[in-house]
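Understanding the architecture of this molecule
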Amino acid sequence: MTEPRLAAMARSARSVARERAERARQARERAARRARRIRTAWWVVAAAPAFVALLVLIRVAIPDAPTGGADGDRQLSSAVIAALRPDPSLLDSVGRGQGVTPPTPIADQPPLTADGKPLVLYVGAEYCPFCASQRWPLAIALSRFGSFTGLTASRSARDDVYPNTATISFHGSTYVSEYLAFQGVELATNERQGRRYKPLDTLTPEQEAVVNTYNAPPYAAQAGSIPFLDFGNRFLQTGASVSPQLLAGLSHDEIAAEIVNNPDGPVAQAILGSANAFTAALCVLTDGQPGEVCDSPAAAAYQAEVGR
């Protein structure tokens, strides 16, 4: 066999050996990849329960973000419920309070009634910080003549002045009293819908007639202001009787604590003083009933303003 022939055979043998080595290397890589996939699959299966448990822990540790500027859970705490029905002696001790704008008497108007009883009409909106501060004394005063069910915790809008003012909402609530009727209208939520807030309650034709008449000049500086209160067409309150600035940065329970535990503080002085002014007006509507409320020092504090 010639030398060139031998060289060619040697080159062919080396080529075959290289091809075999390459196939073997590729086979080893495929086997390694399969092994890694198997290990990964088993790790996922084994770790899944722990991962789910971790998600549960995270879900418990991090509560739902508040919706619409509210506290997430809209249920009132026991502290807030107690503050909305404070001890009468606390109201008596505060008397006129401080920082209060009492309702304005109006004369010679037809009585505003519902179900044969004097009617108190409130019109506001959940986004409104001035409505937020107004609801505290109004609910306290009305609770001296009857009882609420269905009140909920809320906050004013987060993108308005005095953002996130802690308050209650009258939406969906019911008021029962042998002396008075109450209608609380919350026209909008505290959540944006485009440039406006989401609509909520709708005025009835009767309520709209009251608003068009008394929430406009000459009874109000401008038409359509909120909060708006009509006490049986005997007294009007346009705008808040209590400044929301007093409640800035306070939670619902902190406001409740100020009302109950710090009667000399500015929050209690304004809220309880305003509740006493409303109580005096309500006693005019009820002809002084019940006597234990209307003959109290709390109601007498604003006797000159309401003409009793």
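Anyway, here's the lowdown on the structure attached to this text. On a predicted model such as this, the values are computed, not experimentally measured, just so you know.

1. Here we look at the overall build of the protein chain
- Check the secondary structure of the protein chain and you find 10 helices and 12 strands.
- Burial statistics for the protein chain: of 308 residues in total, 41% are counted as buried.
- A separation of at least 24 residues holds for 72% of the contacts in the protein chain among residues at least 6 apart in sequence.
- Surface summary for the protein chain: the accessible area is close to 16,300 Å², and the carbon and sulfur share equals 55%.

2. Examining the state of the cysteines
- Taken as a whole and assessed by the stated rule, the structure comprises one disulfide.
- Across the disulfide, Cys283 is cross-linked to Cys294 (sulfur-sulfur distance 2.0 Å). An S-S torsion of about -95 degrees defines the bridge between Cys283 and Cys294 as left-handed. Here Cys294 lies in helix H8 (residues 291–294) and Cys283 lies in helix H7 (residues 266–285), a separation of 11 residues in the sequence.
- The buried category is assigned to Cys294, whose relative accessible area is 3%.

3. Quick look at the pairing of strand E9 (residues 188–193)
- Strand direction decides the pairing type here: E9 and strand E10 (residues 196–199), joined by three bridges, are antiparallel. Residue pairing across strands places Gln193 opposite Arg196, the latter belonging to E10.
- Here E9 folds back onto E10, and the loop between the two strands holds two residues, one of which, Gly194, carries a positive phi near 70 degrees.

4. Observations concerning the packing of helix H6 (residues 252–261) against H7
- Closest axis-to-axis distance for the H6/H7 pair is 8 Å, and the angle between their directions is 80 degrees. The angle between H6 and H7 falls in the class roughly perpendicular. Along its contact with H6, which presents Ile255, Glu258 and Ile259, the element H7 presents Val267, Ala268, Ile271 and Leu272.

5. With respect to helix H5 (residues 205–214)
- For H5, the complete set of buried residues consists of Gln207, Val210, Val211 and Tyr214. Within H5, the buried residues cover an arc of 95 degrees as seen down the axis, which keeps them to one side. Within H5, the exposed residues directed more than 90 degrees away from the buried face are Pro205 and Asn212.
- In the core, the buried residues of H5 are packed alongside strand E3 (117–124), strand E8 (181–186), strand E11 (228–231) and strand E12 (235–238).

6. Points about the packing of aromatic side chains
- The final tally for this structure, using the stated rule, is 10 aromatic pairs.
- Ring centres of Phe170 and Phe182 lie 5.1 Å apart, and the angle between their planes is 65 degrees; on these two criteria the pair is classed as edge-to-face. In this pair, Phe170 sits in the loop between strand E6 (166–169) and strand E7 (174–176) while Phe182 sits in strand E8, placing the two residues 12 residues apart along the sequence.
- Here the aromatic cluster, defined as three or more aromatic residues joined through ring pairs, consists of Tyr122, Phe148, Phe170, Tyr175 and Phe182.

7. Description of the pattern of salt bridges
- Applying the stated rule across the entire model yields five salt bridges.
- In this structure, Arg74 engages Glu126 in a salt bridge whose closest nitrogen and oxygen atoms are separated by 3.1 Å. Highlighted residues: Arg74 in the loop between helix H1 (3–61) and helix H2 (78–83) and Glu126 in the loop between E3 and helix H4 (129–142), separated in sequence by 52 residues.
- Owing to a relative accessible area of 28%, Arg74 belongs among the partly exposed residues under this scheme.
- Residue classification places Glu126 among the buried positions, given a relative accessible area of 3%.

8. A word on the nonpolar core
- Leu84, Leu142, Phe170, Phe182, Ile271 and Leu282 are the most contacted members of the largest nonpolar core, which has 57 residues in total.
- Among the elements that line this core, the one with the most residues is H7, at 14 residues.
- Counting residues in each nonpolar core, the second largest holds 13 residues, with Ile106, Ala114, Ala181 and Val210 among its members.

9. Some details on the side chain of Gln207
- Relative to the elements of secondary structure, Gln207 occurs in helix H5.
- Taking the relative accessible area as the measure of exposure, Gln207 reaches 8% and is therefore buried.
- Here the side chain of Gln207 touches Thr204 through a polar contact of 2.9 Å, landing on its backbone nitrogen.
- In this view, Gln207 contacts Leu121, Gln183, Val185 and Thr202; residues no more than four positions away in its chain are not counted.

10. A few points about H4
- Between its first and last C-alpha atoms H4 spans 20 Å; for 14 residues at 1.5 Å apiece the expected length is 20 Å, and the two agree.
- Along its length, H4 reaches its greatest deviation from straightness, about 30 degrees, at Arg135, and the proline Pro137 lies no more than four positions downstream.
- Summarising burial for H4: 13 of the 14 residues are buried, a large majority.

About the criteria used
- Residues numbered from 1 in each chain as written.
- Predicted model: local features only at pLDDT ≥ 70, side-chain atom pairs only at ≥ 80, totals over all residues.
- Heavy atoms only, no water.
- Helix = DSSP H or I, 4+ residues; strand = E, 2+ residues; numbered from the N terminus.
- Buried < 20%, exposed > 50% of the residue type's maximum accessible area, 1.4 Å probe, protein only.
- Contact = heavy atoms within 4.5 Å.
- Areas by Shrake-Rupley, 256 points an atom, 1.4 Å probe, with all protein chains shown as cover.
- Disulfide = S-S within 2.5 Å.
- Pairing = 2+ DSSP bridges.
- Axes fitted to C-alpha atoms, helices over the stretch in contact; angles between N-to-C directions.
- Parallel < 35°, antiparallel > 145°, perpendicular 65-115°, else oblique.
- Arc of directions from axis to C-beta.
- Phe/Tyr/Trp six-rings, centres within 6.5 Å; stacked < 30°, edge-to-face > 60°.
- Salt bridge = Lys/Arg side-chain N within 4 Å of Asp/Glu carboxyl O.
- Core = buried A, V, L, I, M, F, W, Y, C linked by side-chain atoms within 4.5 Å.
- Polar contact = N/O pair within 3.5 Å; in protein donor to acceptor, adjacent residues only side chain to side chain.
- Expected span 1.5 Å × (residues − 1).
- Bend = angle between axes of the 7 residues up to and from the residue.

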